[in-house]
Amino acid sequence: MESVAAPSPMWEAPEFDEVAVAPEVTMYLG
Amino acid sequence: MGTAITAVDATSRPKLSRHVRFRFDRTRDRHVLLGPETVVVLNGTGADIVGLCDGARTAAEIVAELRGRYHQVVDEDVLRFLARLAARRCLELSNG
């Protein structure tokens, strides 16, 4: 029985979006 | 107070800054970096890169690890991404 490895996903350029929030919001999220 | 290193090359060893935390945000369904006054929302490959920034791996080792997960990883994408996060003080770099 031949096993077939799952194909690796294609590379996608890494990105980020920066959102300014009040300090208490990040404390809460954390 | 020294100047933070933000230039990234293959030998740089990135790690999260002390004031930044790496979390999964269920509302956004994305990984985020929580800073004192910012939330940085990452895409999938960005989150994978940040997850490998342990201060022990070099940038080259991070790229090698990503090559095991993705097809056609572009080294320059990774280095540029690390430099951008370092410029925003989300990452600290030790070089060499």
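Everything below is about the structure printed above this text.
Source: prediction; values computed, not measured. (Residues numbered from 1 in each chain as written. Chains lettered and ligands numbered in written order. Predicted model: local features only at pLDDT ≥ 70, side-chain atom pairs only at ≥ 80, totals over all residues.)

### Some remarks on the overall build of chain A
Line of reasoning, step 1. Helices and strands together make up the secondary structure of chain A, namely one helix and one strand.
Line of reasoning, step 2. By residue count, 10% of the 30 residues in chain A fall in the buried class. (Helix = DSSP H or I, 4+ residues; strand = E, 2+ residues; numbered from the N terminus. Buried ≥ 20, exposed ≤ 12 C-beta atoms within 10 Å, placed from the backbone.)

### Here we look at the overall build of chain B
Line of reasoning, step 1. Scanning chain B from N- to C-terminus turns up three helices and five strands.
Line of reasoning, step 2. Reading the helices (α) and strands (β) of chain B from amino to carboxyl end gives β-β-β-β-α-α-α-β.
Line of reasoning, step 3. Counted over contacts in chain B with a minimum sequence separation of 6, partners at least 24 positions apart contribute 56%. (Contact = placed C-beta atoms within 7 Å.)

### Focus on the interface of chain A and chain B
Line of reasoning, step 1. Across the contact, 18 residues belong to chain A and 26 residues belong to chain B.
Line of reasoning, step 2. Of all the elements in the fold, those that place two or more residues in the side of chain A that touches chain B are strand 1 (16-20) and helix 1 (23-29) of chain A.
Line of reasoning, step 3. Top contributing element to the side of chain A that touches chain B by residue count: strand 1 of chain A, with five residues.

### Details of the environment of B:Arg57
All names here are of chain B.
Line of reasoning, step 1. With respect to the helices and strands, Arg57 occurs in the loop between helix 1 (44-51) and helix 2 (59-67).
Line of reasoning, step 2. Using a count of 17 C-beta atoms within 10 Å as the deciding quantity, one classes Arg57 as partly exposed.
Line of reasoning, step 3. Residue contacts for Arg57: discarding those within four places in its chain leaves Arg13, Leu52 and Ile62.

### Quick word on the packing of helix 2 of chain B against helix 3 (residues 75-87) of chain B
When two helices pack together, their arrangement is given by the angle between the helix axes and by the axis-to-axis distance.
Residues and elements named next belong to chain B.
Line of reasoning, step 1. Contact pair helix 2 / helix 3: the axes reach a minimum separation of 10 Å and the direction vectors enclose 130°. Here helix 2 is positioned oblique relative to helix 3, judged by the angle of their axes. Seen along the crossing, helix 2 lies across helix 3 with a hand that is right-handed. Residues Ala59, Ile62, Val63 and Leu66 of helix 2 pack against Asp75, Val78, Leu79 and Leu82 of helix 3. (Axes fitted to C-alpha atoms, helices over the stretch in contact; angles between N-to-C directions. Parallel < 35°, antiparallel > 145°, perpendicular 65-115°, else oblique. Left-handed = near helix turned anticlockwise from the far one by under 90°.)

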